[in-house]
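# What the coordinates show
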Amino acid sequence: MQAFNAKMCRFFQTLWPAEEKPIVLGEGQSDHPPVMLIGEAPGEQESLQGRPFVGKAGKNLDGFLEVLSLNREDIYITNVVKIRPTKVSEKGRVSNRPPNREELALFTPYLMEEILLVQPQMIVTLGNVALRSLCGTKAVIGDMHGQKALVTVRHEKQEATFALFPLYHPASIIYNRALQEVYQADLQSLRALLYDPR
Ligand code: URA
C-alpha cells in the first residue's frame, strides 16, 4: 500500500502542488477487509485533515458502522478522486463541486489498482460517481442500490471479480425522508449479507 500511495502522490503532485490540493489517501484495514467503502471525493474537512470521511461525512460514516457492527479500523475507506474538487464564486467563496471528467479519468485507474491491492470481501460504493467509476457511465444508483452485484476490476494485466453493494450517497439523502428509509433498509440488507452470506 505504501508504494502505491507514494507513486500516486508523486504523480498527482506534479499536477497539483500538495499545499494547494492535498491528496487524501485511503485508510484503514488494507488487507482483505470485510468492506471497502468508496466515496466520491474529499470535502473541505477531509482536505484540511488529510483523511477521508471526517467532519460531516464522518458522522454519516459512524451511523453506517454502527448498523454493520464494525469499527472504522476494520474497514478500508477511500474516494474515487483523492483531491477536493472546488469551485470559486464571484465573491471568492470556495465550495465543493462534483469531480469533473478529467479528474475522474485521472484517478479511476488508481482506484482500480487500489482495489486489486486491498482485495476487499465487499465493495460498497456511495452514490453515482463511485458506482460509475466501477460499472461504467450508464450505471444508475436508483436501479442498483441495496443489492449485491459482481464487478470485474482490471488494471494493467491484473483482473479480479468482487462483490459490490451500491448505496446512495449519504449527502443525497439528507433532505429526502423517503430516501433515508431506503438507505436504512439497504444498510440492513448489507448487514444481512455480511453476516449471513449465501
Ligand atoms: N467525504 C469524503 O471523503 N468522501 C465523500 O464522498 C464525501 C465526503
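Look a little higher up for the structure.
Residues numbered from 1 in each chain as written. Predicted model: local features only at pLDDT ≥ 70, side-chain atom pairs only at ≥ 80, totals over all residues. Heavy atoms only, no water.

### Points about the site of the ligand
Taken together, Gly39, Glu40, Ala41, Pro42, Glu46, Pro52, Phe53, Ala57, Asn79 and His169 make up the full set of residues near the ligand. Separating a nitrogen atom of the ligand from a side-chain N or O atom of Glu46 is a distance of 3.2 Å. The contact in question runs from an oxygen atom of the ligand to an N or O atom on the backbone of Phe53, over 3.1 Å. If the ligand stood free it would expose 240 Å²; the protein chains cover 91% of that surface. Looking at the shell around the ligand residue by residue, the class counts come to five nonpolar, three polar and two charged. (Near = heavy atom within 4 Å. Polar contact = N/O pair within 3.5 Å; in protein donor to acceptor, adjacent residues only side chain to side chain. Areas by Shrake-Rupley, 256 points an atom, 1.4 Å probe, with all protein chains shown as cover. Nonpolar A, V, L, I, M, F, W, Y, C, P; charged D, E, K, R; others polar.)

### As for helix H4 (residues 101-118)
Compared with an ideal rise of 1.5 Å per residue, which puts 18 residues at 26 Å, H4 spans 25 Å between its outermost C-alpha atoms and is within 8% of the ideal. When the local axis directions of H4 are compared, the greatest deviation, roughly 30°, occurs at Phe107, which is followed within four positions by the proline Pro109. Along H4, the residues classified as buried are Glu103, Phe107, Thr108, Tyr110, Leu111, Met112, Glu113, Glu114, Ile115, Leu116 and Val118. Here H4 starts with a cap whose side-chain oxygen sits 3.2 Å from the backbone nitrogen of Glu102, and that cap is Asn100. (Helix = DSSP H or I, 4+ residues; strand = E, 2+ residues; numbered from the N terminus. Expected span 1.5 Å × (residues − 1). Bend = angle between axes of the 7 residues up to and from the residue. Buried < 20%, exposed > 50% of the residue type's maximum accessible area, 1.4 Å probe, protein only.)

Read these as geometric descriptors, not functional statements.
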